[in-house]
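Descriptive analysis of the structure
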Amino acid sequence: MIKASTPTIEDYLETIYGLTKSKGYAKVVDISGKLNVKPPTVTSMMQKLGDRGLLRYEKYRDISLTKKGVEIAKTVSDRHAKIMKFLTMLGVDKKTAYTDTEGIEHYMHASTVRKIHELVIFAENNPRWLDSMKKSARKKM
């Protein structure tokens, strides 16, 4: 896996990847809206990410990720989905799960995320176990 150097870079790449998948393209204004930052901030970051070989950026054009950028974005997106699924499986409401996922996703080791994913798969294949775990947890509260 290629590791982006900061959570901010990962957020930008994940956002561009998501926009490209959903809309077919990504523009500065779209990224600005998703990340709640000003367009000049996005433009500055696009130049930096372009210099790092993570995306192709030309002023007033669509932004596209390079192979390296896609690889990082897919990894971040996958990690996000696994953590989000785990938290919602536990009964955390979606809004809180999203906020918590955004807060922790960049700081979890890949092996930890793999173990969380294994637990999610186990729980999906053993719904009685999950129900029993939830009931047991409620009794202890």
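For every chain, the first residue of the written sequence is number 1, and numbering continues from 1 onward in sequence order. Per-residue local features of the predicted model are confined to residues with pLDDT of at least 70, and side-chain atom pairs are confined, for both listing and counting, to 80 or more; whole-chain, interface and lining totals are unaffected and use all residues. As a convention, hydrogens and water are excluded, and side-chain values are obtained from all of the structure's heavy atoms.

With that out of the way, let us pick up the overall build of the protein. What the protein contains, in helices and strands, is 7 helices and 2 strands. For the protein, the C-alpha atoms occupy an extent of roughly 60 × 25 × 25 Å along the three principal directions. The buried share among the 141 residues of the protein stands at 33%. Contact between two residues is taken to exist if any of their heavy atoms lie within 4.5 Å; hydrogens are not considered. Counting only contacts in the protein whose residues sit at least 6 apart along the sequence, the fraction spanning at least 24 positions is 54%. Accessible area for the protein stands at about 9100 Å²; split by element, carbon and sulfur atoms hold 55% of it. None of His or the chain ends enter the tally, which takes Lys and Arg as positive and Asp and Glu as negative. Charge placement uses NZ in Lys and CZ in Arg. For Asp and Glu, CG and CD serve respectively. The centroid of the 27 positive side-chain charges in the protein is displaced by 3 Å from the centroid of its 16 negative side-chain charges. Only runs of H or I of at least four residues qualify as helices and only runs of E of at least two qualify as strands under DSSP, and these elements are numbered from the N terminus. Relative accessible area decides the class of each residue, using a 1.4 Å probe on protein chains only: under 20% of the type maximum gives buried, over 50% gives exposed, and in between gives partly exposed. Each accessible area is a Shrake-Rupley result for a 1.4 Å probe, and residues are judged covered by the shown protein chains and nothing else.

Moving on, we come to the packing of aromatic side chains. Working definition: rings of Phe, Tyr and Trp (its six-membered ring) pair if their centres are within 6.5 Å, and the pair is stacked with planes under 30 degrees apart, edge-to-face with planes over 60 apart, and tilted otherwise. Inspection of every chain in the model, using the stated rule, returns 1 aromatic pair. When the centroid spacing of 5.1 Å and the interplanar angle of 75° are considered together, the rings of Phe-122 and Trp-129 count as edge-to-face. The partly exposed category is assigned to Phe-122, whose relative accessible area is 38%. For Trp-129, a relative accessible area of 33% translates into the label partly exposed.

Time to look at the nonpolar core. Side-chain atoms within 4.5 Å are what join buried Ala, Val, Leu, Ile, Met, Phe, Trp, Tyr and Cys residues into a set we call a nonpolar core. Core analysis: the largest hydrophobic core is formed by 20 residues, its most contacted members being Leu-13, Ile-16, Ile-31, Met-46, Leu-49 and Ile-63. Listing elements by their share of this core, those giving two or more residues are helix H1 (7-23), helix H2 (28-35), helix H3 (39-51) and helix H4 (67-89). Among the elements that take part in this core, H1 stands out by supplying 6 residues, more than any other. When neighbours within four sequence positions are excluded, Leu-13 is seen to be in contact with Leu-49, Leu-54, Leu-65, Gly-69, Ile-72 and Ala-73.

Given 3.6 residues to a turn, an α-helix orients residues that are three or four positions apart in the same direction. Along H2, the positions that sit buried rather than exposed are Val-28, Asp-30, Ile-31 and Ser-32. Residues of H2 that are buried sit in contact with H1 and H3. Looking one or two residues past H2, Asn-36 carries a phi angle of roughly 55°, positive in sign.

Surface patches are drawn from residues lacking salt bridges whose relative accessible area is over 30%; two like charges belong together within 9 Å, two nonpolar side chains (Val, Leu, Ile, Met, Phe, Trp, Tyr) within 5 Å. Salt bridge, as used here, is a side-chain nitrogen of Lys or Arg placed within 4 Å of a carboxyl oxygen of Asp or Glu. A grouping of Leu-119, Phe-122 and Trp-129 is seen on the molecular surface, where their side chains present a nonpolar patch of about 250 Å² in accessible area. Looking at where Phe-122 falls in the secondary structure, it is placed in helix H6 (residues 110-125).

Further remarks concern the pattern of salt bridges. In a structure, side chains of opposite charge can pair up when their charged atoms sit close to one another. Counted under the stated rule, the structure contains 6 salt bridges. Across the salt bridge formed by Asp-62 and Lys-27, the nearest N and O atoms sit 2.6 Å from each other. With Asp-62 in the loop between strand E1 (55-56) and strand E2 (64-65) and Lys-27 in the loop between H1 and H2, this pair connects stretches of sequence that are 35 residues apart. Look at Lys-27 and you get partly exposed, because its relative accessible area is 30%. Lys-115 is the partner of Glu-118 in a salt bridge, and the nearest nitrogen-oxygen pair spans 3.4 Å. In this pair, Glu-118 and Lys-115 both sit in helix H6, 3 residues apart, roughly one turn of the helix. The exposed category is assigned to Lys-115, whose relative accessible area is 55%.

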